[in-house]
Amino acid sequence: HRARCHWQPLTSEGPSGLLLSTDGLSKSFTDHQGFLDFAAGVQGRAHEQGMPAVRSRLTEWLSHAAQYSGDDTTLVGAFEALGPAAPRRQDAPPT
């Protein structure tokens, strides 16, 4: 088994979001920048449209990506809640 690790100390303001994915997702893009652009797009949509909008499309995006890598694609994300698109209690998924 192989794992990649990146360590970056937070010396000032922390990141506004965090995404964790299987390698199948990153392998779906022709280069690393494509993967970074996808991640930035997910975060941008979460802030602009809200998490329910992202949640409703995520399965579609990951299924589409899996067609290119031939591998499973799994993504977990956490974002800072900001502005009018910030989640409300009623937006939380059932537990």
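Residues numbered from 1 in each chain as written. Predicted model: local features only at pLDDT ≥ 70, side-chain atom pairs only at ≥ 80, totals over all residues. Heavy atoms only, no water.

To continue, consider the side chain of Thr73. When you line up the elements, Thr73 lands in the loop between α3 (51–69) and β2 (75–79). Since its relative accessible area comes to 13%, Thr73 is described here as buried. Side-chain polar atoms of Thr73 contact the backbone oxygen of Leu62, separated by 2.8 Å. Dropping the residues within four chain positions of it, Thr73 is found in contact with Thr22, Gly24, Leu25, Ser28, Leu62, Ser63, Ala65 and Ala66. (Helix = DSSP H or I, 4+ residues; strand = E, 2+ residues; numbered from the N terminus. Buried < 20%, exposed > 50% of the residue type's maximum accessible area, 1.4 Å probe, protein only. Polar contact = N/O pair within 3.5 Å; in protein donor to acceptor, adjacent residues only side chain to side chain. Contact = heavy atoms within 4.5 Å.)

Considering the arrangement of structural elements, one finds Ser26 in helix α1 (residues 23–26). Judged by relative accessible area, Ser26 falls into the buried class, the value being 17%. Reaching out from Ser26, the side chain makes a polar contact with the backbone oxygen of Asp23 at a distance of 3.1 Å. Residues in contact with Ser26, not counting those within four places in the same chain, are Arg4 and Phe35.

Counted at 1.5 Å a residue, the expected span for α3 with its 19 residues is 27 Å, and the 26 Å between its end C-alpha atoms agrees. Bending of α3 peaks at approximately 40° at the position of Arg57. Within the sequence span of α3, burial applies to Val54, Trp61, Leu62, Ala65 and Ala66. Following α3 by one or two positions, Gly70 has its phi on the positive side, about 70°. (Expected span 1.5 Å × (residues − 1). Bend = angle between axes of the 7 residues up to and from the residue.)

One can describe the packing of helix α2 (residues 32–49) onto α3 by two numbers: an axis separation of 7 Å at closest approach and a directional angle of 145°. Mapping the contact onto sequence places Phe38, Val42, Arg45, Ala46 and Gln49 in α2 and Met51, Ala53, Val54 and Trp61 in α3. Across the contact of α2 with α3, the residue classes tally to 7 nonpolar, 1 polar and 1 charged. (Axes fitted to C-alpha atoms, helices over the stretch in contact; angles between N-to-C directions. Nonpolar A, V, L, I, M, F, W, Y, C, P; charged D, E, K, R; others polar.)

What follows covers the layout of surface pockets. In this model, the largest pocket occupies a volume close to 1,100 Å³. For the largest pocket, the lining is made up of 28 residues, of which His6, Leu18, Leu19, Leu20 and Phe35 are closest to its centre. If you tally residues by element for the lining of the largest pocket, the top one is α2, at 7 residues. (1 Å grid on protein atoms, 1.4 Å probe; cavity = no way out; pocket = protein on both sides within 12 Å on 5 of 7 lines; lining within 4 Å. Points joined across faces, edges and corners; volume = space filled by probe spheres on them.)

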